[in-house]
Number of protein chains: 4
Amino acid sequence: MAQKGSALVGTGFIGPVHVEALRRLGRPVVGVLASSPAKSKQAAAALQLPRAYATYTELLADPDVAAVHLTSPNRFHFEQCRQALLARKHVICEKPLAMTTQETAELLALAEKTPAVAAVCYNIRFYPLCLEARERIRAGHLGDIYHVTGSYVQDWLLYDTDFNWRVLAAAGGALRAVADIGTHWLDLVQSITGLGVQRVCADLHTVLPTRRRPIPSPSPPGAEGAARGASLQTFQSKLQSTRDTEPVAITTEDYGSILLHFDATTPHPSLSPKRPEGDRGGARGCFTVSQVNAGRKNCLRFEIAGSSGALAWNSETPNELWLGQRDRPNEVLLRDPALMQPAVRPFADFPGGHNEGFPDSFKQLFRAIYDYIDRGDLQAPRPFPTFADGHREVVLCEAILKSQHERRWVETPRR
Amino acid sequence: MAQKGSALVGTGFIGPVHVEALRRLGRPVVGVLASSPAKSKQAAAALQLPRAYATYTELLADPDVAAVHLTSPNRFHFEQCRQALLARKHVICEKPLAMTTQETAELLALAEKTPAVAAVCYNIRFYPLCLEARERIRAGHLGDIYHVTGSYVQDWLLYDTDFNWRVLAAAGGALRAVADIGTHWLDLVQSITGLGVQRVCADLHTVLPTRRRPIPSPSPPGAEGAARGASLQTFQSKLQSTRDTEPVAITTEDYGSILLHFDATTPHPSLSPKRPEGDRGGARGCFTVSQVNAGRKNCLRFEIAGSSGALAWNSETPNELWLGQRDRPNEVLLRDPALMQPAVRPFADFPGGHNEGFPDSFKQLFRAIYDYIDRGDLQAPRPFPTFADGHREVVLCEAILKSQHERRWVETPRR
Amino acid sequence: MAQKGSALVGTGFIGPVHVEALRRLGRPVVGVLASSPAKSKQAAAALQLPRAYATYTELLADPDVAAVHLTSPNRFHFEQCRQALLARKHVICEKPLAMTTQETAELLALAEKTPAVAAVCYNIRFYPLCLEARERIRAGHLGDIYHVTGSYVQDWLLYDTDFNWRVLAAAGGALRAVADIGTHWLDLVQSITGLGVQRVCADLHTVLPTRRRPIPSPSPPGAEGAARGASLQTFQSKLQSTRDTEPVAITTEDYGSILLHFDATTPHPSLSPKRPEGDRGGARGCFTVSQVNAGRKNCLRFEIAGSSGALAWNSETPNELWLGQRDRPNEVLLRDPALMQPAVRPFADFPGGHNEGFPDSFKQLFRAIYDYIDRGDLQAPRPFPTFADGHREVVLCEAILKSQHERRWVETPRR
Amino acid sequence: MAQKGSALVGTGFIGPVHVEALRRLGRPVVGVLASSPAKSKQAAAALQLPRAYATYTELLADPDVAAVHLTSPNRFHFEQCRQALLARKHVICEKPLAMTTQETAELLALAEKTPAVAAVCYNIRFYPLCLEARERIRAGHLGDIYHVTGSYVQDWLLYDTDFNWRVLAAAGGALRAVADIGTHWLDLVQSITGLGVQRVCADLHTVLPTRRRPIPSPSPPGAEGAARGASLQTFQSKLQSTRDTEPVAITTEDYGSILLHFDATTPHPSLSPKRPEGDRGGARGCFTVSQVNAGRKNCLRFEIAGSSGALAWNSETPNELWLGQRDRPNEVLLRDPALMQPAVRPFADFPGGHNEGFPDSFKQLFRAIYDYIDRGDLQAPRPFPTFADGHREVVLCEAILKSQHERRWVETPRR
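Quantities reported herein were computed from a predicted structural model and do not represent experimental measurements.

**Examining the relation of the copies chain A and chain C**
- Between the two copies, chain A and chain C, the superposition gives an RMSD of 0.0 Å; the rotation angle is 180 degrees and the shift along the axis is 0.0 Å. Both copies of the chain, as the preceding transformation shows, are related through a two-fold rotation axis. No C-alpha of chain A approaches the rotation axis more nearly than that of A:Glu331, which lies at 2.0 Å.
- A symmetric contact is evident, with 100% of the interface residues of chain A recurring at the interface of chain C.

Structure below.
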């Protein structure tokens, strides 16, 4: 193989999304590692990939592998990131970067001294109209940011018979809805506004304190790697027929609402020319996450209100950006390269009216990462989410959890 | 005049809305009281009403007046309600019922012993699809209520040159956005769900701590009643030409987000058949108010998520009710008497596709009140917002203000 | 009665809408005529009107009646209009003005020599955003008009058990969907664009050639006026329980689509500065009517595309006007007097975000008519639909019917 | 290369879309042919494809090529299809299949006797919710089909300075908007309803009879293949800076509206159980195409109304299917495999709320084609658009053109 390529770790829902996106970009995918050598072979065949790795060590030793895509379960991210960086591979890790800020801080420190790209897959940033929102705010279209509100809500865990490894704190962490989807929302609005969350006040709730876990049938030979009851994946679970279940106590939250204060100082001070000296300023905000909201399949919404305009977006209609005006009609920008900010056009591949969607966001994220790698200057600013962002989200999660436990406002550490 | 009728107090934006609504119902409007005898005469002529009262005493003494509609500034509500009840007139008072819970409690106690109707104008309840939402929840369509979220946002106070008496705490009270529009949201979701707000955690913010108040021109003779700079009314202010202004410090909030816990016990226990014994249950919620949200003219949104469905409504498209489903396509109910719950049909006057709007909500509210009066049984349950509701909203406002001052969760008194 | 007022003829669905709209404007309604003296009394009581007329002659002889509102069945319009004009009463007639162009031409001629207002109730023109569309086109915002498309569709006659006098050619005329709703669409787009329909090519279809007519129960004494099976009114019919029916052959159309050419010369030549001399120009168009379109309750849509912009509107969301742009984001104008053309503001009574709807369109139509009457100059241009418009729509209906019969394009007479 | 693969002909807007879609499916793309050997090399490099063909003959002689994707200019399709079939390659041809029915009939006859797949890229069929609409109609959810209406409108040719080879009849054919986008609409609604267009009555219009063609700069050496002024591609043209132009007379239509009658007999007679014997039945329809409709970027809409329901879809919000109901609330189905017909699920790759778009429709179309090829039975029914469909659309185009020329209804040949 003349061109070095990428390798995939993990074969759940999101792994094939990575493979497709890389292929669309003409980026070769060298091989795959699953939870066992046998499963690696199955996955390589299913995804039509050249190589099936027996172990992570073998993968890292493959000289044709320049970049590793980690889509393994969350609890493996830390060690796999660490080893990849030590092996000087570029790492593109699914969120969350790791399970604790201790881990993410260590990874961040390691990344900062390793000559490799270390990215986290906050793909939603790369919906073209989310990039457009950011550019418009950078250009001052909204003036000072006053408040940022929204939600990320789903219904795939509505019933107590809905089960997935993510609902168990031991497997997925103490936070669930906040960690799984809330972090996407937090990353997105911070990246768009250039503001950082400074303090939080959270109200979380486990709506269903008991869920029904399917009791697996006696395993057929060769199914050794399947974690117990761990494989009911998203929409497929909705199609499951009834089978035997057992009650399991759940401590992770189904719902959360969180009040937010944003930093007074922003990376883009030019946005706040009118605020008086010494004013602490500071945008406010609020958002809700829920995985028990009937009818909302995967619905991230935000609205950002500023001194001279507002904008709103909904992931279920991602090709429309609402632009609120006080003094003239509101606008609805249909995703259309001809109407977008020049900096965003390279990330919108199709003309206006030709919808782009969820898989395209990965394509654009990876385009940003791999074009950066191609340019060869690892000191240049990184136009994609990095381990610093991955660390930041876990910092916020810990602050949110502390706020929930102590029933009060909690400051978020600056780093 | 053979038929006794209604009298109007106040001639701002909402007064004529009352008159129109009464006339549509064929309910005679006898006369009007403005802020001076001269203004009463002007108003009577403009509204084509038979009588112009010189004083409130004169109005209450008119034997043709059976009901008094109070649309005067908030600070007069208490005394005007009190006197009307003492005069055994029915009272229909614009919100807020009064300025403090001391006042509202006194009015509530007086109302409970007076043989008259005492209503507060939470008109939004009477959008037909809000009534429909309530009936569907009562009928168990949503199962247990899990969470209630939403917002009420406007943009008419976006600029520091937007000025209105309501922005001054001395004139309108310590709370503004919460009191003016947030109370509508709170009343609405409580009336629809049958749940009561149990505790609150608020984050309020005065985005514009200084506003520019117009300096009035030297008053022409006879303009004695015009409060200084107090008359820039809603949308008209947006059309104002520039004139001289002076800075005024503002303490009332432009923005607020509030976390909510609802009572575990509801008036409709049949809704919660599946909750285990002893479970405290309790829906959660969150809402945002803002008067500086560009592009949102008068936008109240709520979404109520339950164990077997969800529903959502937006006051800017009030003829649509979104019904969220987990297991089948979501529904959008276009307001259509043929498709609505039987109890709601009497409050929807036009066939499907013939939009009803803001003025119709007053018509239906007054229909509920006056038909109740006609039936003659003042002991019957009152199918409209009463002084108990008016008191409740001020109780919630005081809890919200306390939460803001003390930066913590605050319990709301049961009464 | 000091002030002269209006009288109502007819008590179907639309009669009370007229009464309400007049009352909202403070215009006294003097009395009502129904299909019999007894029914007139019932109607007067139900609508709380002072007088019940025994005959039309008695109504016209009432000196307190200045204006007559005709909401009687279509076949009575001609004679009732004629007599009212001969009695020098103002006439406000529901559409259609009469049954044939012979009749409408005679009425138009009579109206032109009678010193009275003669109006036809094309109320949809008076949705504020339809007025706004017209003003924007007059101001040149769309440039040359290229094409005008749309539809008016309903579902209240979807089933063969849906029955109403309108389905019978003998009672309602040879055309039904085109006459009942299509004429609204035609009037609306012509009034908005200032263009006239020049020729048509129609395709009409009676989807249900047989319908089931309810067999009335033996009439109780006093029900002498009820036409046989004629009273299943709109949405109420949807709630009917099953009863005995008989088959009736239907010849009126359930569906029609019509190709349109518009006049090259327009009343607003300033709109066409760029067209070369001698160019025949001429906008094109197309629209569909249907009364068997499931899920569309009363849905009129139009889209007007011009050389420098487009606009679209939907009667089911009447507070939004879509403004299409080539070179910048599209706009959605929420009905808001502060954002509308100055000429339209007097016809929008409520601030932005406070929805107006179907009943408000009648209020504004009658405001235009009665304010015109008040001004006292009957030579002034009439800012409302007149008998000329009423005649025009019947001219178009006859051309459409001819086109359908002859399966070809048909020119519409200029007058 | 172990696995035989596909080769691409043509490198305009749609060529790379094919390559991406094939790659997502893991289908190897072997090489590319552009308009010259030099351009083939450029394209192979840009698209990262292994081989650059010098000639079509060389491409067809490549034993690694099993399938040919034709995205060349329309006028080359006939000869390229013919040669590919003679070489026993599978052919996947962009629409239109050829320039005349003489050509398409010849290709159809050749395809029917050649053991290869011969497909035409009516990709819109493969939006999952279009497949869903078809399955629902097949399952009888809509009952008898009454009427089918809609439009396909764009704005990329709004200005007379918008130029593209497609506007010239000599290059693109006598029809333009109808052929380019109207055929997509016709194919789509026929494939969804199972009904065939029986006769048409068309009204076409060249809104801009003169356009401004850019005068090319003196060609640099090596640009020999660039047709004069022919390369202003879709949205890129909107970003062009001003340059010298010359007027060109245009005869192809910018706008068209077409009345439709559908066959009484359908491929799915089970859909019409209730129609009486001998009834000619026959759905009606109407649609509009325009390329001068400001604000509509690429907007295909259809609405299908039947005896027991209706459905509507809009390509600008392709993840929503509107389901109209008479007797209960309308539904909006968000694309969600868990809620879709089982036959459609294999063509929806992502869970509900994860939007799919334009590029995904090609992926699914090619999945249907290549999975069919893999199954190895070329006698099996073909679940994708074939040359029979490609021929059918040209038959309809010729009928439409004849109707336009003769200003009358024209029957469409059955074959």
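Back to the text.
**Quick word on the interface of chain C and chain D**
- Facing 52 residues of chain C, the contacting portion of chain D comprises 53 residues.
- Looking only at chain C, the three residues that lose the most surface to chain D are C:Tyr146, C:Arg284 and C:Arg326, adding up to 19% of its buried area.
- The interface formed by chain C and chain D holds eight salt bridges in total.
- We note a salt bridge from C:Asp162 to D:Arg326, for which the minimum N-O separation is 2.8 Å.
- For the interface between chain C and chain D, the tally reads 29 residue pairs in polar contact (both at pLDDT 80 or more).
- When residues of the side of chain C that touches chain D are assigned to their parent elements, the largest contribution, six residues, is made by strand β11 (residues 255-262) of chain C.

**A few points about the confidence of the model for chain A**
All names here are of chain A.
- This prediction gives chain A a mean pLDDT of 90; 88% of its residues lie at or above 70.
- For residues 221-235, every residue scores under 50 in pLDDT, and the model assigns this stretch 21 contacts once sequence neighbours within four places are set aside.
- Note that pLDDT drops below 50 for residues 266-280; the model gives that stretch 23 contacts with residues more than four away or on any other chain.
- In the predicted assembly, ipTM is 0.92 and pTM is 0.93.

**Considerations on the sheet that holds strand β5 (residues 90-93) of chain D**
All names here are of chain D.
- Spatial ordering of the open sheet is given by β3-β2-β1-β4-β5-β6, a layout of six strands whose pairing is parallel. Sheet topology places β3 (51-52) and β6 (118-120) at the edges, where each strand pairs with a single neighbour.
- Against the sheet, helix α1 (residues 15-24) engages β1 (5-9), β2 (29-33) and β4 (65-70), with an angle of about 170 degrees to β1.

**Some points on unusual backbone geometry**
Residue and element names in this part refer to chain A.
- Along the chain, Lys95 connects to Pro96 via a cis peptide bond; the corresponding omega equals -5 degrees.
- Despite not being glycine, Gln48 shows a phi value in the positive range, around 55 degrees.
- In this fold, Gln48 is placed in the loop between α2 (37-47) and β3 (51-52).
- Since its relative accessible area comes to 36%, Gln48 is described here as partly exposed.

**Brief notes about the packing of aromatic side chains**
- One pass over the structure, following the stated rule, counts 36 aromatic pairs over all chains.
- Consider the rings of C:Phe362 and C:Phe366, whose centres lie 6.0 Å apart with planes at 65 degrees: the pair is edge-to-face. Of this pair, C:Phe362 and C:Phe366 both sit in helix α10 (residues 358-375), separated by four residues, roughly a single helical turn.
- Among the aromatic residues, ring-to-ring pairing joins A:Phe13, A:Phe358, A:Phe362, A:Phe366 and D:Phe350 into one connected group.
- The ring of D:Trp322 is capped by C:Arg296, whose NZ or CZ atom sits 3.6 Å from the centre of that ring.

**Quick notes on the relation of the copies chain C and chain D**
- For the pair chain C and chain D, the best superposition has an RMSD of 0.0 Å and corresponds to a rotation of 180 degrees with a translation of 0.0 Å parallel to the axis.
- The overlap is high: 100% of the interface residues of chain C also sit at the interface in chain D, so the same surface is used on both sides.

**Brief notes about the packing of helix α8 (residues 177-193) of chain B against helix α11 (residues 387-406) of chain B**
Residue and element names in this part refer to chain B.
- Interhelical geometry of α8 versus α11 gives an angle of 120 degrees and a closest axis separation of 10 Å. Our classification of the angle between α8 and α11 gives oblique. Judged by the sense of rotation from one axis to the other, the crossing of α8 with α11 is right-handed. When α8 is examined against α11, the residues Val178, Ala179, Thr183, Leu186, Asp187 and Gln190 are found in contact with a partner set consisting of Asp389, Arg392, Glu393, Leu396, Cys397 and Ile400.
- In terms of residue class, the contact of α8 with α11 is built from six nonpolar, two polar and four charged.

**A word on the interface of chain A and chain C**
- With eleven residues of chain A at the contact, the number on the chain C side is eleven residues.
- Summing both sides of the interface, chain A and chain C together bury roughly 830 Å²; the carbon and sulfur share of this comes to 61%.
- Of all residues in chain A, A:Pro329, A:Val332 and A:Leu339 give up the largest surface area on contact with chain C, accounting jointly for 54% of the area buried on that side.
- Where chain A touches chain C, the interface holds zero salt bridges.
- At four residues, the largest contribution of residues to the side of chain A that touches chain C is made by strand β16 (residues 330-334) of chain A.

**What about helix α2 (residues 37-47) of chain C?**
Residues and elements named next belong to chain C.
- Among all positions of α2, only Ser40, Ala43, Ala44 and Leu47 are buried. The buried residues of α2 occupy an angular sector of 100 degrees when the element is viewed end-on, so they sit on one face. Residues Lys41, Gln42, Ala45 and Ala46 are exposed on α2 and point more than 90 degrees away from its buried face.
- Buried residues in α2 make contact with β1 (5-9), α1 (15-24), β2 (29-33) and β3 (51-52).

**Some words on the pairing of strand β2 (residues 29-33) of chain B**
Residues and elements named next belong to chain B.
- For β2, the tally of buried residues reaches five of five residues, placing the bulk of the element in the interior.
- Where strand β1 (residues 5-9) lies against β2, four bridges are found, and the strand directions are parallel. Counted as the bridge partner of Ser6 is Val29 from β2.
- Viewed along the sheet, the connection from β1 through helix α1 (residues 15-24) into β2 turns out right-handed.

**Examining the sheet that holds strand β3 (residues 51-52) of chain B**
Residues and elements named next belong to chain B.
- Here six strands make up an open sheet; going across it, the order is β3-β2-β1-β4-β5-β6 and the pairing parallel. Taken across any chain shown, the strands that pair with only one partner, and hence form the sheet edges, are β3 and β6 (118-120).
- Strand direction decides the pairing type here: strand β5 (residues 90-93) and β6, joined by three bridges, are parallel. From the neighbouring strand, Ile92 faces β6, where its bridge partner is Ala119.

Here is what the cut-offs are and how they apply
Residues numbered from 1 in each chain as written. Chains lettered and ligands numbered in written order. Predicted model: local features only at pLDDT ≥ 70, side-chain atom pairs only at ≥ 80, totals over all residues. Heavy atoms only, no water. Least-squares fit on C-alpha atoms with pLDDT ≥ 70 in both. Contact = heavy atoms within 4.5 Å. Buried area = accessible area lost by both parts, 1.4 Å probe. Salt bridge = Lys/Arg side-chain N within 4 Å of Asp/Glu carboxyl O. Polar contact = N/O pair within 3.5 Å; in protein donor to acceptor, adjacent residues only side chain to side chain. Helix = DSSP H or I, 4+ residues; strand = E, 2+ residues; numbered from the N terminus. pLDDT = per-residue confidence, 0-100. Pairing = 2+ DSSP bridges. Axes fitted to C-alpha atoms, helices over the stretch in contact; angles between N-to-C directions. Buried < 20%, exposed > 50% of the residue type's maximum accessible area, 1.4 Å probe, protein only. Phe/Tyr/Trp six-rings, centres within 6.5 Å; stacked < 30°, edge-to-face > 60°. Lys NZ or Arg CZ within 6 Å of the ring centre and 35° of its normal. Parallel < 35°, antiparallel > 145°, perpendicular 65-115°, else oblique. Left-handed = near helix turned anticlockwise from the far one by under 90°. Nonpolar A, V, L, I, M, F, W, Y, C, P; charged D, E, K, R; others polar. Arc of directions from axis to C-beta. Right-handed = clockwise from strand over helix to strand, strands pointing away.

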